[in-house]
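Remarks on the overall topology
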Amino acid sequence: IIGFCPRKIFRTIYYEICFNVHREIYSTDELTKLQCSRIENRLYSLFEGMTLNSSKSSVVHLENIKAQGSYWGWLRSNRTCLVCIRRSPEHTMPCGHSICDVCVQVFGVLSPHREEEFSISTCPLCGSNKVLTVRLKPSTSAARVLSIDGGGPRGIVPLENLAILQQLLGDGLPLSELIELTVGCSSGGLISLSNFMLRMEIGSCKSLFQDLARKVLAPARKKRFLGSWLSDGLYDVKVLEQVLKDHYTQTRRMFDTAENCLSSNKVAVIASEIKDGAPFIFANYNGSAPHRAEPGIHSYGKCEYADLKYHLDLTGSRARATSAAPSLFSTIDIPGLGTFQDGGMRRHNNPINLALSEAKHLWPNSPSPDVFISL
């Protein structure tokens, strides 16, 4: 490539960063400079091989990753895409490695039948051959967003509305395939997790919701006045936790690969922090924008693997947090994050503004949503 000098690029852009990082590891400047020199020589040899063989940079990069497969195979991160080490990952492959949208487009195979659908047949990091299908928002359209309010037992109403929408669409076009982002609060959060993340049919969600209401809100589950006052909840929270644990299983995390190995729906549920009442967003994505647009909002995207030690599975604990309605259920403490209750405590029981903010966070260069449904 005429005019491109890899050594000059490295020394101008990357040398100082590499030096500072390696200086934290090596005891002397000489050893640090030696390691930086090795990196520069490696970059030059890769570039030389690419130009001599007329190879694509993506092919050279993939071969370089494979050469270091013994290191990448065991390493996992849901904060950084280890394929490019440049962006946050958005999709988790069946092997457990996570990958960003750009790497999906670079290393995936575009479907001839559907716009912006890619298949990754082999993990670039460990070589696992389990196929992951990823559906990205088409670049030719803005987002389609769904916001679902909280409402306790009345949460059955949004499900009825969703059933009507599905009936209008017909059985051949699931509503979950049309919505790119779903944001829910309280009972709306449970619907979002079940219907759009776990991709349960609406009829199954209705049955589940009715069963949950019967088990958790039954008059026999009410505590006496003193017991409810001491535990900060009218109903036995252990019953709610058990129902959520049975539904979401003990190992299900929000960012886990779906059973059908399809990654498409972005889902967020809203809780409130006890310390200041600020809304807290639990999501199965990271987003491309560096910060949330609205001040005073805390977020926690793809969760750390250390969360497996929690007393509830991660998806269940998020469902428990968003549905911890004051006076009905006690708060939940999530180690490392804080203490949470129902997300509707601070003007966000209708999470429409948060949904708009999250859409901008996910697709900062996209215009306002083409479709916005608020239930």
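- Going by the annotation in an unreviewed UniProt entry, the name recorded for the protein chain is FabD/lysophospholipase-like protein, with Aspergillus ellipticus CBS 707.79 given as the source organism.

1. Observations concerning the pattern of salt bridges
- Applying the stated criterion to the full structure yields eleven salt bridges.
- Residues D29 and R23 are paired through a salt bridge, measuring 2.5 Å at the closest nitrogen-oxygen approach.
- The class of D29 is partly exposed, set by a relative accessible area of 34%.
- Across the pair R135 and E117 runs a salt bridge whose closest N-O atoms are separated by 2.7 Å. Here R135, found in strand β5 (residues 132-135), pairs with E117, found in strand β4 (residues 117-120); they are 18 residues apart in sequence, far enough to count as distant.
- In this structure E117 comes out as buried when scored by relative accessible area, which is 12%.
- Several salt bridges converge on common partners, so that one network encompasses R114, E117, R135, E177 and R199.

2. Side note on the packing of aromatic side chains
- Counted under the stated rule, the structure contains five aromatic pairs.
- Summarising the aromatic geometry, the rings of Y15 and F19 are spaced 6.2 Å apart at their centres and angled 25° between planes, so their arrangement reads as stacked. Residue Y15 and its partner F19 are both found in helix α1 (residues 6-23); the two are separated by four residues, about one turn of the helix.
- Here a set of aromatic residues connected by ring pairs shows up, and it is made of F10, Y15 and F19.

3. Overview of the side chain of S194
- Note on placement: S194 falls in helix α7 (residues 187-197).
- S194 has contacts with R199, M200, C205, L208, H247 and Y248, leaving out every residue within four places of it along the chain.

4. A closer look at the pairing of strand β6 (residues 144-148)
- Where burial is concerned, most of β6 is hidden: four out of the five residues are buried.
- As defined by bridge partners, β6 adjoins strand β14 (residues 371-374) across four bridges and the pair is classed as parallel. Bridge pairing in β14 places V145 opposite F372.
- In the sheet, β6 pairs with strand β7 (residues 181-185) via four bridges, with the strands oriented parallel. Paired with L146 across the strands is T182, a residue of β7.

5. A short note on the nonpolar core
- Membership of the largest hydrophobic core comes to 33 residues, with the highest contact counts inside it found for L162, L193, F282 and F340.
- For this core, the leading source of residues is α7, giving five residues.
- In this structure, L193 is in contact with L198, Y248, M254, V267, V269, T315 and A319, ignoring residues within four places of it in sequence.
- Within the second largest apolar cluster, 20 residues are counted, among which are C84, C123, L132 and V134.

Rules used throughout
Residues numbered from 1 in each chain as written. Predicted model: local features only at pLDDT ≥ 70, side-chain atom pairs only at ≥ 80, totals over all residues. Heavy atoms only, no water. Salt bridge = Lys/Arg side-chain N within 4 Å of Asp/Glu carboxyl O. Buried < 20%, exposed > 50% of the residue type's maximum accessible area, 1.4 Å probe, protein only. Helix = DSSP H or I, 4+ residues; strand = E, 2+ residues; numbered from the N terminus. Phe/Tyr/Trp six-rings, centres within 6.5 Å; stacked < 30°, edge-to-face > 60°. Contact = heavy atoms within 4.5 Å. Pairing = 2+ DSSP bridges. Core = buried A, V, L, I, M, F, W, Y, C linked by side-chain atoms within 4.5 Å.

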